[in-house]
Amino acid sequence: AVQRCVALHGRIDILINNVGVSQPGGPVDMAEEVWDAQMQVNLKSAFLACKHVIPVMRQNGGGSIVSVSSVAGLRYIGKPQIAYAAAKAGLMQFTSTSAVIHAPEGIRLNCVVPGLMHTPLIEGLAAKYAGGDTRGFINHRHQQVPAGRMGDGWDTAHAALFLAADESRYVTG
């Protein structure tokens, strides 16, 4: 994908690592395969994307990488999703460490850390965590947010856009 992008556009200036899947479970009841799959999707994918994009950005004098983590990587959010939470915490540390490493090359790395968001995935989450009661799940999540309502995908996108843009040229890590 990186080679194709460079072939089509000549460079890569922005990378957005925006992927996330969550499976319920704690350390005792989660299958090792589920843990591994969560780490692959939620953390290793960002590592591999950066591994292949950073050299291209380096050749072009810099760039911006924005990863989308989760408040679940900062604290327990009321759902047993240990692998997701661990991977998203790892993504934040990966981002801040990589930001320091690559700052001298003009490559900025930042993380957006959304909390409860109303996205098209809400029905699947309601099926996993609320017995399929989508309306009740949404209302419960609204009550958990200080503003009284969840943000949506656009709120996360606008934060990522700011971090990717030149207007945030002094923000990294």
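Residues numbered from 1 in each chain as written. Predicted model: local features only at pLDDT ≥ 70, side-chain atom pairs only at ≥ 80, totals over all residues. Heavy atoms only, no water.

Remark: helix H2 (residues 32-59) packs on helix H3 (residues 82-102), axes separated minimally by 8 Å, with the N-to-C direction vectors making an angle of 15°. Taken together, the axes of H2 and H3 are roughly parallel relative to one another. With respect to the hand of their crossing, H2 and H3 are arranged in right-handed fashion. Contacts between H2 and H3 involve Trp35, Gln38, Met39, Asn42, Leu43, Ala46, Phe47, Cys50, Ile54 and Arg58 on the former and, on the latter, Ile82, Ala83, Tyr84, Ala86, Ala87, Lys88, Gly90, Leu91, Phe94 and His102. Residue composition of the contact of H2 with H3, by class: 14 nonpolar, four polar and two charged. (Axes fitted to C-alpha atoms, helices over the stretch in contact; angles between N-to-C directions. Helix = DSSP H or I, 4+ residues; strand = E, 2+ residues; numbered from the N terminus. Parallel < 35°, antiparallel > 145°, perpendicular 65-115°, else oblique. Left-handed = near helix turned anticlockwise from the far one by under 90°. Contact = heavy atoms within 4.5 Å. Nonpolar A, V, L, I, M, F, W, Y, C, P; charged D, E, K, R; others polar.)

For the rest of this paragraph, the subject is the packing of aromatic side chains. Using the criterion set out here, one finds zero aromatic pairs in the structure. Over the aromatic face of tyrosine 129 sits the side chain of lysine 79, whose NZ or CZ is 4.6 Å from the ring centroid. (Phe/Tyr/Trp six-rings, centres within 6.5 Å; stacked < 30°, edge-to-face > 60°. Lys NZ or Arg CZ within 6 Å of the ring centre and 35° of its normal.)

On to the sheet that holds strand E1 (residues 14-17). Ordered in space as E1-E2-E3, the three strands form an open sheet in which the pairing is parallel. Both edges of this open sheet fall to E1 and strand E3 (107-112), since each of them pairs with a single strand only. Across the sheet, the mean angle from the axis of one strand to that of its neighbour is 15°, orientation sign disregarded. In terms of strand pairing, strand E2 (residues 63-68) meets E3 through six bridges, oriented parallel. (Pairing = 2+ DSSP bridges.)

Function cannot be inferred from these measures alone, as they are strictly geometric.
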